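# An overview of the molecular structure
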Amino acid sequence: MTLISFVVPAFKVQGYLRECLDSILEQPFDDLEVIGIDDASPDDSGEILAEYAARDPRVHPVRLVENVGLGPARNIGLDRATGEYVWFVDGDDWLVPGCLPHVADRLRAARPDVLIVDHVRAHWNNVGTRSAMRDVFPEPPPEATFRLRDRPQTLRLLHTAWNRLVRREFLVEQGLRFEPGWYEDVSFSYPVLMAAERVGVLDRVCLNYRQRRTGAITRTRGDRHFEVFAQWHRVFRLMDRWGPAVAGLRPAVFERMIWHYLTVLGNGERIAPELRPPFFAQIHADYVRFLPPEGYPVPPGLEGVKHRLVAAGRWRTFSALRAVHQVEERARRSARRVKRRVLPVARRNARRARDAALREYYRAELRRPLDPTLAVYAAYWYRGYSCNPAAIYTAARRLAPQVRGVWIVRRDRVNVLPPGVEYVVAGTREYYRVLARARWLVNNVNFPDFVRKRPGSVHVQTHHGTPVKVMGLDQQRYPVGAMGMNFAKLLHRVDRWDYSVSSNSFSTQMWERAYPADYTTLEVGYPRNDRLALATAEECRQARAALGIGPDEYVVLYAPTHREHLPGWRPPFDPDRMRDVLGPSGRLLMRSHYFHDRDRRLRGASDGAVLDVSTHDRVEDLYLAADVLVTDYSSAMFDYGVLDRPIVVYAPDWDAYRVARGVYFNLLAEPPGAVAVDFPGLLDVFRSGAVRGADAEQARQRFRARFCALDDGHAAERVVRRVFLDEPVEVTRRLPYRWKTANTT
């Protein structure tokens, strides 16, 4: 028999589900199974479960045809579980690495009916808060099991399903299952503890309880929070049925009920002001209904005052007490903000005065009406005309000519703009004016922090690549690669987004996790790849001719990414040795990352066979000209994959990179082609012909099916129709592709 069955319900958790599953399957412990329940999720959660099942026989997906809710979904998983113990883990939480061997040892040694494990609350801002374990058990809990009546303080541990493993046969014998509705953990977890003859506690953090910025019911206002009362009523009905066996626990359970009710009521993100009086009234009614004859342990201090006000049904006094507390807390926060804002007078220099004057002009422009025809475009921190915004701009000129497009560029990049493109220079009065007045703002990065999100304006975040390395809030776990990042300001910028353009379902999932906010995702492919998807042989010849490349030459494009955690570091690469391997017809194009635009020269790029193309403004031209792409962790591989040409991953620092910078998937295990982890190995990939071998071909097709299926040449049109013309769009995944060869011979 399998020792542990994980039941993982999935509903709208596509951004987190991979991390959850990886945290289970990558444990140094194999005696497990995962029952993944796709609760008719409208996102790609079901596809993720199917993907994991296809490559790991321990994963068993179940797809429900209609949404049943968390409790019933868990029951379905329980019915399919075969393990001795069941662990209900939510799809947006994740296990601590290396915890399962310790859990398994305790299960095998103590054979508990239920084993509670410790957890931490993992907040979206990378702050972790500990559980109540140390408060409930100031001394480490015993390894031996116990009954709840002997240690009733155990009830004060969080009443969730995911912080405990339960013996499956025990659940079957007791007939304990989850009820439908919100707060379903209440009517499961407390009865489990009361019915168990053998309760164990493992004083080890085993699970990260994700505190999501958006999407969680604990951060959702509405009247469904009243469902908490029905769940507690079920607990007391069970206690009445079980009679004397649990009678001694009634005071402690009652105290937990009132504590829970007050916790829900006190959370302004759950109970709207107009619902607070009736919610309080129901708390009072339950207090009177379920109060034990012998009383209960009323907590001391302010909490005890709240309990007494509930007992008396004094809502007005309770509300006034809360208002006083809120005023005091706001005063404390205000004092802290004032202290932080005090700056030395010496920092108020002339540049700040000038900027202040321009910002004042910007604020004045904000008071003027939006220009209903104005769209502002920018890319790569105003580095020029490129990427997804450029493709959308071109499509908008054709499909929505009534929209006037204006680009923002740095002064030193004006010369790269195509003829006829209207622009303003960053930092000028015109710059502040268009930012204030534009109806649409389109960028592949974020606009500066001072930019306001005006009512009626539409912000479109196009991004600039499918992510290999972790992004956004996920970078908090990799501080070496996030030096100087202010994540609170990042979220302020993200909250301005109305649309997030995604190139594939994988990107959609990762953006949802890295940038949690209430934007609409446009999963339509990447506009910048339209040109690649529709490219003809003649366009490829023209791109090569523009670079001085003949039709018979074999062209390799080397495009490594930037290492934020290692400024100035470059992968070991010898252009002369690479050129020798390519032979007399070989040409090597070398392109540095755009972050290095102030240091464009590459050593060795000194003759006709090796060409530095770092300053070439249209990377798509380079893709069309190249027969092979060599890269490491750059999003270039996803774009180049649209052309269906060989890709080589050259990752000499893979182990260090994924530990220091963090990655979203194992690139070496799921590559787009041949792989080399050192420079001699890279040379051998070309020398041996592995670059075009059968294994590389199969890897590329799998990669393209996963990441490139939406790039059909019409992504920009879909964005324009949805954003500028307010038309619905439909997307059909397009595969297989033809192999578009750059070499025309």
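Model, not experiment: these values are computed from the prediction.

Another aspect to go through is the overall build of the protein chain. Helix and strand counts for the protein chain stand at 27 helices and 22 strands. Taking 745 residues into account, the globule formula puts the C-alpha radius of gyration at 27 Å, and the protein chain, at 30 Å, falls close to it. Along the first, second and third principal axes, the C-alpha set of the protein chain runs to 95 × 65 × 50 Å. The buried share of the protein chain, reckoned over its 745 residues, is 55%. The long-range share in the protein chain, meaning contacts at least 24 apart out of those at least 6 apart in sequence, stands at 75%. Per element, the accessible surface of the protein chain, about 32300 Å² overall, is 51% carbon and sulfur. Treating the 110 positive side-chain charges of the protein chain as one cloud and the 91 negative ones as another, the clouds have centres 8 Å apart.

Counted residue by residue, strand E11 (residues 404-409) has five buried out of six residues, so it is predominantly covered. Here strand E10 (residues 371-378) pairs with E11 via four bridges, running parallel. Residue pairing across strands places Ala375 opposite Gly405, the latter belonging to E11. Handedness of the E10-helix H15 (residues 387-399)-E11 crossover: right-handed.

Positive phi, normally seen in glycine, also occurs at Trp381, with a value near 55 degrees. By secondary structure assignment, the location of Trp381 is in the loop between E10 and H15. Residue Trp381 is classed as partly exposed on the basis of its relative accessible area of 40%.

Right, let's talk about the packing of aromatic side chains for a bit. Taken as a whole and assessed by the stated rule, the structure comprises 45 aromatic pairs. When the centroid spacing of 4.9 Å and the interplanar angle of 75 degrees are considered together, the rings of Phe638 and Phe707 count as edge-to-face. With Phe638 in helix H23 (residues 636-640) and Phe707 in helix H26 (residues 694-707), this pair connects stretches of sequence that are 69 residues apart. There is no split in this pair, since Phe638 and Phe707 are both buried. Through a chain of ring-to-ring contacts, the aromatic side chains of Tyr362, Tyr382, Tyr431, Tyr432 and Phe450 assemble into a single cluster. Positioned over the ring face of Phe178 is Arg74, at 4.9 Å from the centre of the ring. Above the face of the Tyr361 ring, Arg429 is positioned so that its terminal group lies 3.9 Å from the ring centre.

Counting across every chain of the model gives 52 salt bridges. Two residues, Asp30 and Arg58, come together in a salt bridge whose shortest N-O distance is 3.4 Å. Linking Asp30 in the loop between helix H1 (17-25) and strand E2 (32-38) with Arg58 in the loop between helix H2 (45-55) and strand E3 (59-63), this pair joins segments that are 28 residues apart in sequence. A salt bridge links Arg250 to Asp240, with the nearest nitrogen and oxygen atoms 3.2 Å apart. One end of the pair, Arg250, is in helix H10 (residues 250-265); the other, Asp240, is in helix H8 (residues 227-242), and ten residues separate them in sequence. Salt bridges linked by common partners bring Arg18, Glu51, Arg55, Glu670 and Arg706 together as one network.

Now for helix H27 (residues 715-723). Inspection of H27 places Ala715, Ala716, Arg718, Val719, Val720 and Val723 among the buried residues, and these make up the whole buried set. Tucked into the core, H27 has its buried residues touching H15, strand E13 (438-443), strand E14 (458-461), strand E15 (499-502), strand E16 (520-523) and helix H19 (530-533).

Okay, the pairing of E16 next. Note: E15 against E16, four bridges, orientation parallel. Paired with Ser502 across the strands is Glu523, a residue of E16. Handedness of the crossover joining E15 and E16 through helix H18 (residues 505-514) is recorded here as right-handed.

Rules behind the numbers
- Residues numbered from 1 in each chain as written.
- Predicted model: local features only at pLDDT ≥ 70, side-chain atom pairs only at ≥ 80, totals over all residues.
- Heavy atoms only, no water.
- Helix = DSSP H or I, 4+ residues; strand = E, 2+ residues; numbered from the N terminus.
- Rg over C-alpha atoms; globule rule 2.2 N^0.38 Å.
- Buried < 20%, exposed > 50% of the residue type's maximum accessible area, 1.4 Å probe, protein only.
- Contact = heavy atoms within 4.5 Å.
- Areas by Shrake-Rupley, 256 points an atom, 1.4 Å probe, with all protein chains shown as cover.
- Lys, Arg positive; Asp, Glu negative; His and termini not counted.
- Charge placed at Lys NZ, Arg CZ, Asp CG, Glu CD.
- Pairing = 2+ DSSP bridges.
- Right-handed = clockwise from strand over helix to strand, strands pointing away.
- Phe/Tyr/Trp six-rings, centres within 6.5 Å; stacked < 30°, edge-to-face > 60°.
- Lys NZ or Arg CZ within 6 Å of the ring centre and 35° of its normal.
- Salt bridge = Lys/Arg side-chain N within 4 Å of Asp/Glu carboxyl O.

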